[in-house]
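Here is how the chains run, residue by residue.
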Amino acid sequence: MSFSNLDTLYRQVIMDHYKHPRNRGVLDNSDLIVEMNNPSCGDRIMLHLHVADGEIKDVKFEGEGCSISMASASMMTQAVKGKKVSDALSISSYFSKMMIGEEVDVGNLDLADIQALQGVSKFPARIRCATLAWEALEKGVNHNDKS
Amino acid sequence: MDVRSVREQFPILHQQVNGHDLVYLDSTATSQKPLPVLEAVDEYYRKHNSNVHRGVHTLGTRATDLYEGAREKVRAHINAKSTAEIIFTRGTTASLNLVAQSYARQNLKEGDEIVITPMEHHSNIIPWQQAAKFTGATLTYLPLQEDGTISLEDVKQTITTNTKIVAITHVSNVLGTINPIKEIAKIAHEHGAVIVVDGAQAAPHSQIDVQDLDCDFYAFSGHKMCAPTGIGVLYGKQELLENMEPIEFGGEMIDFVYSHDATWKDLPWKFEGGTPIIAGAIGLGAAIDFLNEIGMEQIEAYENKLISYALERLSEIEGLTIYGPKERAALITFNLDSIHPHDVSTVLDSQGIAIRAGHHCAQPLMKWLDVVATARASFYLYNTKEEVDRLVDGLIKTKEYFRHVI
């Protein structure tokens, strides 16, 4: 049996992030902790952010979930760490559009590995898995903006 | 029971999904619908559609006869004493909410106890949490045995004279545990409590006799027993229902309406405000006829054989953890090594196999099992041994696919 269709979802780089998550853990100096879950399946993420001078100085995550949700969280932290909040939000918006199969130009922004998640758009049942960490990011920085 | 001819009645099963013959193993979430049900609903809309209990025209009479005829079929099917005891609802959730919002709020006070179990579906937890908050009553959980069963000794210890309501599932949608309702009802009654049974996973698979069980309320859904979505049943003992206030007010449920007050219709209509789920009820009646033509005992016996075979085959898979007791209904909840159930489900889906992955609307039970989520394969009268084999092959391939990450 061929799993070629599945391979567009489970790219090697995704499985690598799943197996070896980047920025996993807690931040001692986090000024923001966001917890998000997907009530339909139980996936959960706790995002720790250290934001100063309009920049995401540091970010870590903890959580439980499937390969897509955990890999996406790992890739997200990698992509936004050290970035300006406005750039992080641009990447997040790019990511949302990628999930519905839209092509977007992001200029010179470094997207790290997140484009590997493009295949998720072909698996509608899994899109929520991939977007969980990004929703947590947006909730966190938007909240930070208000305070 | 001849499964081949049963399958012929389910057109949806004869299709390819992702290039493979569909294997539908998610009937615990919702069952598929046989031709007689599809035809009954279709015929109702084509020939008889009209509102019920009003108007004196011919279609109105036909629709009313069909709707009330379905109620009689439900009554006979679960051996209720009277159709006054059969209330049509949107489903099990609505039925349980009706008891919690009407009976519980009217009868509970501070110091009273509601006893439930950790194996309940959210729909048999949250209505009681809310009723407890509203009335000041306490919500108490029965403990579970290590294998996911309930011991009658614990039931006797937990239920006290303060217990006013015992709410329990007949069959667990995760563990497959079949609870001894009759015995628990007896203990509840000895302490002056009523017993509310969530029958969503029991009614589709076995003969329910509410008088023999001596339960006070029994709730179930049509869509899990071959009927359309949006129709369910609340059975209640007449003397209890008589004293309960409706929770939905409006058309259909009233007797006289004055400027500042109104009176209610008799049972069961006082609980059916608004235009009822006419087509759904007719579909449920057709589903009951369909199941009875095959025979609930035959269905149960067939499923028992199938689940024994499935348990035996799945146990062969190394790294597969099965949750729940040996003696069980026709479902298997499991985890495969450290592969997340979502990933298991996606790989199986790519092979045309539909299972459920997640927390199955039972978060407290997931906590008890100490897992975040699980996968679940569930079976019904149309599933076959060959489909069990397809599941086993699919799981072995899933393991192979994820071998680098587990």
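Residues numbered from 1 in each chain as written. Chains lettered and ligands numbered in written order. Predicted model: local features only at pLDDT ≥ 70, side-chain atom pairs only at ≥ 80, totals over all residues. Heavy atoms only, no water.

## Things to note about the packing of aromatic side chains
Right, on to step 1. Applying the stated rule across the entire model yields 13 aromatic pairs over all chains.
Right, on to step 2. Centre to centre, the rings of A:Tyr10 and B:Phe402 are 5.0 Å apart; their planes meet at 80°, and the pair counts as edge-to-face. On the criterion of chain membership, the pair formed by A:Tyr10 in the loop between helix 1 (4–7) and helix 2 (12–19) and B:Phe402 in the segment after helix 14 (385–401) is interchain, its members lying in two chains. For the pair shown, A:Tyr10 and B:Phe402 are each scored as buried.
Right, on to step 3. Look at B:Tyr67 and B:Phe88: their rings are 5.3 Å apart centre to centre, the planes differ by 50°, and that puts the pair in the tilted class. Of this pair, B:Tyr67 sits in helix 3 (residues 58–78) while B:Phe88 sits in strand 4 (residues 86–89), placing them 21 residues apart in sequence. Taken as a pair, B:Tyr67 and B:Phe88 share a single burial class, namely buried.
Right, on to step 4. Taken together, the ring pairs connect B:Phe10, B:Phe290, B:Tyr380 and B:Tyr382 into an aromatic cluster.
Right, on to step 5. Here the basic side chain of B:Arg105 rests over the ring of B:Phe134, its NZ or CZ set 3.9 Å away from the ring centre.
Right, on to step 6. B:Lys385 extends its terminal NZ or CZ atom over the ring of B:Tyr309, reaching a point 4.7 Å from the ring centre. (Phe/Tyr/Trp six-rings, centres within 6.5 Å; stacked < 30°, edge-to-face > 60°. Helix = DSSP H or I, 4+ residues; strand = E, 2+ residues; numbered from the N terminus. Buried < 20%, exposed > 50% of the residue type's maximum accessible area, 1.4 Å probe, protein only. Lys NZ or Arg CZ within 6 Å of the ring centre and 35° of its normal.)

## Things to note about helix 4 (residues 85–99) of chain A
Residue and element names in this part refer to chain A.
Right, on to step 1. The terminal C-alpha atoms of helix 4, which comprises 15 residues, lie 21 Å apart, in line with the 21 Å expected from a rise of 1.5 Å per residue.
Right, on to step 2. Looking at helix 4, one finds that the buried residues are Val 85, Ala 88, Ile 91, Ser 92, Tyr 94, Phe 95, Met 98 and Met 99.
Right, on to step 3. Once helix 4 finishes, Gly 101 follows within two positions and takes phi at roughly 80°, a positive value. (Expected span 1.5 Å × (residues − 1).)

## Some remarks on the nonpolar core
Right, on to step 1. In this structure, A:Ile56, A:Ile68, B:Phe334, B:Ile355 and B:Leu395 are the most contacted members of the largest nonpolar core, which totals 81 residues.
Right, on to step 2. B:Ile355 has contacts with B:Leu25, B:Asp26, B:Phe334, B:Val344, B:Ser345, B:Leu348, B:Ala375, B:Arg376, B:Ala377 and B:Leu391, leaving out every residue within four places of it along the chain. (Core = buried A, V, L, I, M, F, W, Y, C linked by side-chain atoms within 4.5 Å. Contact = heavy atoms within 4.5 Å.)

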